[in-house]
Amino acid sequence: MDLSGDRLISELYIFFGLCVLFLLGNLVIRLSNKDFPQFLFNCAVLSLLALFSASMLSSDLATTAMGMLSINPFSLFFVLILTIAMLLTGILAYEYAGRYGDFALMASFSMMGIYLVAFANSLISIFIGLELMVIPTVFIVLLSRRSLEAAAKLFIMSAISIGLLSFAIVTIYGASNSFALVHAQQSDLMLFAAALFVASLGFEASIFPFNVLIPDVYEGSPSYATAMLGGINKKVGFIVLMQVLILVFATFKSAFLAVAMLSVLTMFYGNIVAIMQRSFKRMLAYSSISQAGYMLIGIAAATSAGIAATMFQIFAHAFIFIGIFAIVAWLESRNRNEIDDLIGLNQESRLMAAAATLFMLSLIGLPFTTGFVGKFLLFLSAVNANLVWLAIIGVVNSVISIYYYARPIMAMYAVKAAAKKIKPEGAIVFVVLACLAITLLLGLYPQPMISMATNAANYLFSMA
Amino acid sequence: MFLPLLLLVPLFAAMIAIALLRPSMKYGYIASAASLASLLLLYFVQNGSITITWFTIGKDAIAITTTIAPLNMALLAIVFFIGTLIHLYSTGYLKTLSEQKRFYIEMLAFEIAMATFAMSGNFILLFIAWEFLSMLSYMLIGFWHNRERAVRAARLAITTVLIGDIALIAAIVIFWNTFGTFNFATILSLMPHSVSIGLLAGSALLLLAIFTKSAQFPFQEWLPEAMEGPTPVSAFLHSSTMVKAGVFAAIILFPIFAAAHLLALMLWFGVLTAIIATFNAMREKQVKRVIAYSTVQELSLMLVAVASGALIAAIYFFIVQSFYKALLFFSSGSVMHATEEESIDKIRGMSSNKLLYISTLFGVLSVAGMIPFSGFFASAAIGSSVFTNLIVYSLIILIGLGTSFFIFRWFFMISGPDKAGETALRYKALPRAMIYPAVLLAALTLAGSSIFFLIPGFLSSSPAFITGAPQLSVSLLDIVSVTVLFAVGAAVSYSLYKPSRLLKPSQKKGSALASLAYTHKFFMLLYGGAARFVYEISEGVGAFDLYLSEAFDWLGHAVVLASRGIRRMSVGGINPYAFVFAVGFAVLLAWIFLVIV
């Protein structure tokens, strides 16, 4: 698509104008001290953003602004899915956070950071974006008074990871004299920078062994915050990982092999530890770690198909995760946190039991769900990149995972003696159904998402 | 275009069940009618292959391919025909009507998955169907989910079958890597003359998947355990359809195993399983488990026939076995229904319901191999297929003898005289829906013999490797040997379990040798050990976090002791997790620097 320079800039401005509006809206309506108008306003802004990025995505736009930001299919793909994810998380928070205004303000800062990362065209934008994303998240976790410990842990680990990241950026600058995302020459300093990068993003993307506190944070945070952490923030770690590894360290074979090894470790760690968990939330935390391991397979493949597969899996997991944490939030509000507490759920609410079952089947990778398509694409890309062993380890892991997903499913369908019907709140039902629709419909007909992801991945490789 | 309809009719029936089913309804008739409609629709289905692209990524198109060849038609017909009878039988069998919704929805879903499996023409569709079969089998075995034994049996089944699922998908991955396609026909046309590592690894994993699904050594025990499920489930999934998925895959992908030189392996595992199953069946007391071991043994014999290249013999056995095996399960269910006992030591008096008695006898005669029942031709065909290998042939002869013995033992015991005579009325009061399907199947055990003569014509449009397989024939030697085995087994069985003996049960325990032959307990211990091993690993890794933080605490204290002066500055702040992070980083750094690619 041919666009003149002025029009490009105007489009950029429109886009960031929307972001500012989003922010200002929060501040202005905050004065009225009413949650509902603010909530509506946020939903409207986020929907507009999603629509806008979807329309730009179909036009194959690719441009840069001020050398720092770039609108391209890769960034728009993530803006689209993460905006919709934020919309759904916002609904959860509105239902459960108590003080929605505080959540909205922090979330809008965090979203700004996420957009910066997605649009990043230089290491500086990535750094600023990540920082902007992480710090408000700590306060979101803190909204619930009981989660002080989780917030502290999140803060410490984020600080370490951001510290390492800045060190990595400085090292790259020292070696190449540039903050741009361009191919680096292999040197000892650059290898060091690559290791720093992978380690620092290890926490942001929940990769073993840099993820050690993540289950604690997920378990200790209120469920809507966990939905945001696991469904949105941890995905941003992957965006950066893909950008930097493909654009900067593309020729560093040992770094990609390291990613493959980390993928194996992360899958096994997540899956094996999940088997022993009694708390449903903690089990899901380990499960999301193992899913991060699968996502790394596509990055390790270092091909366009691999990146597309990782992007699809990020999309798939984001919505499954938010959907299932909507259910967890609902259960949590009734003080049911253990897997054993799920007994009789089917009698209480058929919808919730069926939805949770379908989400978990999708996490296992049952055909006709997005989870299946994502894993299938990942394994296929690994095989095509001559990483058959990695694909097979992935297969073994996805079968191990059946064990711990089966337990909650069986518990939900077990019969409880005195079970009464419970009607879930409308907002929760909406979030669950929306996530379920995405999981099932795009699992049955995944072509649009695959085309978008392929397009985005091809763009990323054309820049490299 | 009639192909999707085959699946849509049961799906529609399942939807009716979801929407409309009330506990008072006799829903089985609707399910049965749906299966019958699909069976009739088969008449319009034509041979050929359909490919629908599901999605494309880059230049790879992921497609769903269906293939209809005579063998696929045969399996589809079995699924829908047995399905029709199963649903009918279930109307009599299910006493707790509140459970019938779940039951029929799961059964219909199984029927759809099995039919999908039967028409699969590439690995994508095969895998999808295979996976759903595993899951539905798990749900149906554990149908009585408040019985602990049922839950345990379901868990054993899913664990075993999951090993096969890993193997299957790994095999698919390797085949894709080796041949670049998922399509069966294309893969079969690409068979090389020399064995490549990809072909060998892929087909070995595929064989492993077949062994788990079709309950072959060392995975055979899940099938007898699966008898904890409702009887219609045993009759449908665990005798006539699902367990044969493995054998079916072995037949349609036969050239792969031939090219990979794995047929000898298949042969000997088959023979070994058959021996184990026969011995277990001779000792087993639970009425359904005897039949289950007999099923395991028949599946082994089918694989033996496949491995010897006698594909037509295997297909014949594959078809007729469904009839008499479903029949024997129907009978088992009926006698359990009437007596409310499970052990053949206690079940007596089946002869008081003449219709049931005679149909069961037909099934038994067929299993034992009496001329002219369809089982006779099956035994003869299997015998002649391995005739060139004298060791296997003599083992098959002995297995035939054992079969005749244990099936008559089962039959004589359950139809033996009932001392108190109180069950006679209950036998007579058995619902008609439980008797007539058995009668129909009994007729087919006889009529099925005609398939022996019709099958070459039926299979004429099959792929070349099937039509080129040795034709069926019965020699005088086969007739004599099968008949002698049948007679000797029956006679020995009668002398041990004749009515006069059954009336005064001996307290004599079986010899040590005989209990050694009952390997069931040994295998269960083996599985338990394997499961515990995996569990320990998981627990060990689960304690990882804990040990790690303790180790680092200890390290911290050591540092404290070493330099008290800087304690306040550093050690007090050491967070074990940050330490893990640091160690991880150090390892990563070393990796990136030292691994030269």
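Residues numbered from 1 in each chain as written. Chains lettered and ligands numbered in written order. Predicted model: local features only at pLDDT ≥ 70, side-chain atom pairs only at ≥ 80, totals over all residues.

### Quick look at the overall build of chain A
Counting secondary structure elements, chain A contains 18 helices and two strands. Residues counted as buried form 64% of the 464 residues belonging to chain A. The long-range share in chain A, meaning contacts at least 24 apart out of those at least 6 apart in sequence, stands at 78%. (Helix = DSSP H or I, 4+ residues; strand = E, 2+ residues; numbered from the N terminus. Buried ≥ 20, exposed ≤ 12 C-beta atoms within 10 Å, placed from the backbone. Contact = placed C-beta atoms within 7 Å.)

### Looking at the overall build of chain B
On a plain count of helices and strands, chain B comes out with 28 helices and two strands. Expressed as a percentage of the 597 residues in chain B, the buried residues total 51%. Taking all contacts inside chain B whose residues are at least 6 apart in sequence as the whole, residues at least 24 apart take part in 81%.

### Here's the deal with the nonpolar core
Of all hydrophobic cores here, the largest spans 409 residues; its most connected members are Val 173, Val 306, Tyr 316 and Phe 317 of chain B. Element by element, the count of residues in this core is highest for helix H12 (residues 304–332) of chain A, at 22 residues. Taken domain by domain, the makeup of this core includes at least three residues from each of domain 1 (304–507) and domain 2 (549–594) of chain B. (Core = buried A, V, L, I, M, F, W, Y, C linked by C-beta atoms within 7 Å. Domains from an automatic or database assignment.)

### Topic: the interface of chain B and chain A
Size of an interface: often given as the accessible area lost when the parts come together. Counting residues at the interface gives 37 residues for chain B, matched by 44 residues for chain A. The set of elements that each furnish at least two residues to the side of chain B that touches chain A consists of strand S1 (48–57), helix H5 (123–141), helix H6 (148–179), helix H26 (520–542) and helix H28 (576–594) of chain B. Of the residues belonging to the side of chain B that touches chain A, the class tally is 25 nonpolar, eight polar and four charged. (Nonpolar A, V, L, I, M, F, W, Y, C, P; charged D, E, K, R; others polar.)

### Examining unusual backbone geometry
Residue and element names in this part refer to chain B. Cis geometry marks the peptide bond from Phe 217 to Pro 218; its omega dihedral reads 0 degrees. Inspection of the secondary structure assignment puts Pro 218 in the loop between helix H8 (197–213) and helix H9 (222–225). Of note, the amide linkage connecting Ile 371 to Pro 372 takes the cis form, showing an omega dihedral of 5 degrees. Residue placement: Pro 372 occurs in the loop between helix H16 (354–368) and helix H17 (374–385). One non-glycine residue, His 261, lies in positive phi territory at about 55 degrees. With respect to the secondary-structure elements, His 261 resides in the loop between helix H12 (254–259) and helix H13 (263–283).

### What about the environment of Gly 369 of chain B?
All names here are of chain B. By the element assignment, Gly 369 lies in the loop between H16 and H17. On the basis of neighbour counts, which here come to 26 C-beta atoms within 10 Å, the residue Gly 369 falls in the buried class. Taking the C-alpha atoms as reference points, Gly 369 and Val 161, 208 residues apart in sequence, are found 31 Å from one another. With residues near it in sequence (within four places) discarded, Gly 369 still touches Gly 375, Phe 376, Ser 379, Gly 400, Ser 404, Val 482, Leu 485 and Phe 486.

### A look at helix H17 (residues 426–444) of chain A
Residues and elements named next belong to chain A. Taking 1.5 Å per residue as the helical rise, H17 with its 19 residues ought to reach 27 Å, and the 26 Å between its terminal C-alpha atoms agrees with that figure. Within the sequence span of H17, burial applies to Ile 428, Val 431, Val 432, Cys 435, Leu 436, Ile 438, Thr 439, Leu 442 and Gly 443. Along the long axis of H17, the arc covered by the buried residues comes to 160 degrees, so they all point the same way. With respect to the buried face of H17, the exposed residues turned more than 90 degrees away are Gly 426 and Ala 437. (Expected span 1.5 Å × (residues − 1). Arc of directions from axis to C-beta.)

### As for the environment of Ser 108 of chain A
Mapped onto the fold, Ser 108 of chain A is located in helix H4 (residues 100–118). Along the primary structure Ser 108 of chain A and Pro 136 of chain A are separated by 28 residues, whereas in three dimensions their C-alpha atoms are 8.8 Å apart.

### Quick notes on helix H6 (residues 148–176) of chain A
Working note: α-helix, 3.6 residues per turn, so residues spaced by three or four point in the same direction. Its 29 residues give H6 of chain A an end-to-end C-alpha distance of 41 Å, which sits within 8% of 42 Å, the value for a rise of 1.5 Å per residue. Looking one or two residues beyond H6 of chain A, the residue adopting positive phi is Asn 177 of chain A, at roughly 60 degrees.

### Focus: the confidence of the model for chain A
Residues at a pLDDT of 70 or more form 90% of chain A, whose mean pLDDT is 84. Within chain A, the element-level pLDDT minimum falls on helix H1 (residues 5–32) of chain A, averaging 61, and the maximum on H12 of chain A, averaging 93. (pLDDT = per-residue confidence, 0-100.)

### What about the confidence of the model for chain B?
Residue and element names in this part refer to chain B. The pLDDT averaged across chain B works out to 83; a share of 88% of its residues lies at or above 70. Across residues 565–574, confidence stays below pLDDT 50; counting only partners more than four residues off in sequence or on other chains, it has eight contacts. Reported confidences for the modelled complex are a pTM of 0.82 and an ipTM of 0.76.

### Brief notes about the packing of H12 of chain A against helix H18 (residues 447–463) of chain A
Residue and element names in this part refer to chain A. Where H12 meets H18, the closest approach of the two axes is 8 Å, and the angle between their N-to-C directions is 130 degrees. Compared by their axis directions, H12 and H18 come out oblique. Once H12 is placed against H18, the crossing between them reads as right-handed. Across the interface between the two elements, Ser 304, Ile 307, Ala 308, Met 311, Phe 312 and Phe 315 of H12 pack against Met 449, Ile 450, Ala 453, Thr 454, Ala 456, Ala 457, Asn 458, Leu 460 and Phe 461 of H18. Per-class residue counts for the contact of H12 with H18 are twelve nonpolar, three polar and no charged. (Axes fitted to C-alpha atoms, helices over the stretch in contact; angles between N-to-C directions. Parallel < 35°, antiparallel > 145°, perpendicular 65-115°, else oblique. Left-handed = near helix turned anticlockwise from the far one by under 90°.)

### Concerning the pairing of S1 of chain B
Two faces belong to every sheet, and in a regular strand the side chains alternate between them. Residue and element names in this part refer to chain B. One ladder, built from nine bridges, connects S1 with strand S2 (residues 60–68); its direction is antiparallel. Bridge pairing in S2 places Gly 48 opposite Ile 68. Hairpin connection between S1 and S2: a loop of two residues separates the two successive antiparallel strands, and Gly 58 in this loop has a positive phi of roughly 60 degrees. (Pairing = 2+ DSSP bridges.)

### Observations concerning the packing of helix H10 (residues 231–240) of chain B against helix H14 (residues 287–307) of chain B
Residues and elements named next belong to chain B. Running from N to C, H10 and H14 point in directions that differ by 10 degrees, and their axes come no closer than 11 Å. When the axis of H10 is compared with that of H14, the two are roughly parallel. Contacts between H10 and H14 involve Thr 231, Ser 234, His 238 and Ser 239 from the first element and Lys 288, Ala 292 and Thr 295 from the second. Across the contact of H10 with H14, the residue classes break down as one nonpolar, five polar and one charged.

### Observations concerning the environment of Glu 341 of chain B
Residue and element names in this part refer to chain B. With respect to the secondary-structure elements, Glu 341 resides in the loop between helix H15 (311–339) and H16. When the C-alpha positions of Glu 341 and Phe 217 are compared, they lie 30 Å apart, and in sequence the two are 124 residues distant. If we ignore the near neighbours within four places in the chain, the residues touching Glu 341 are Met 336, Lys 346 and Ile 347.

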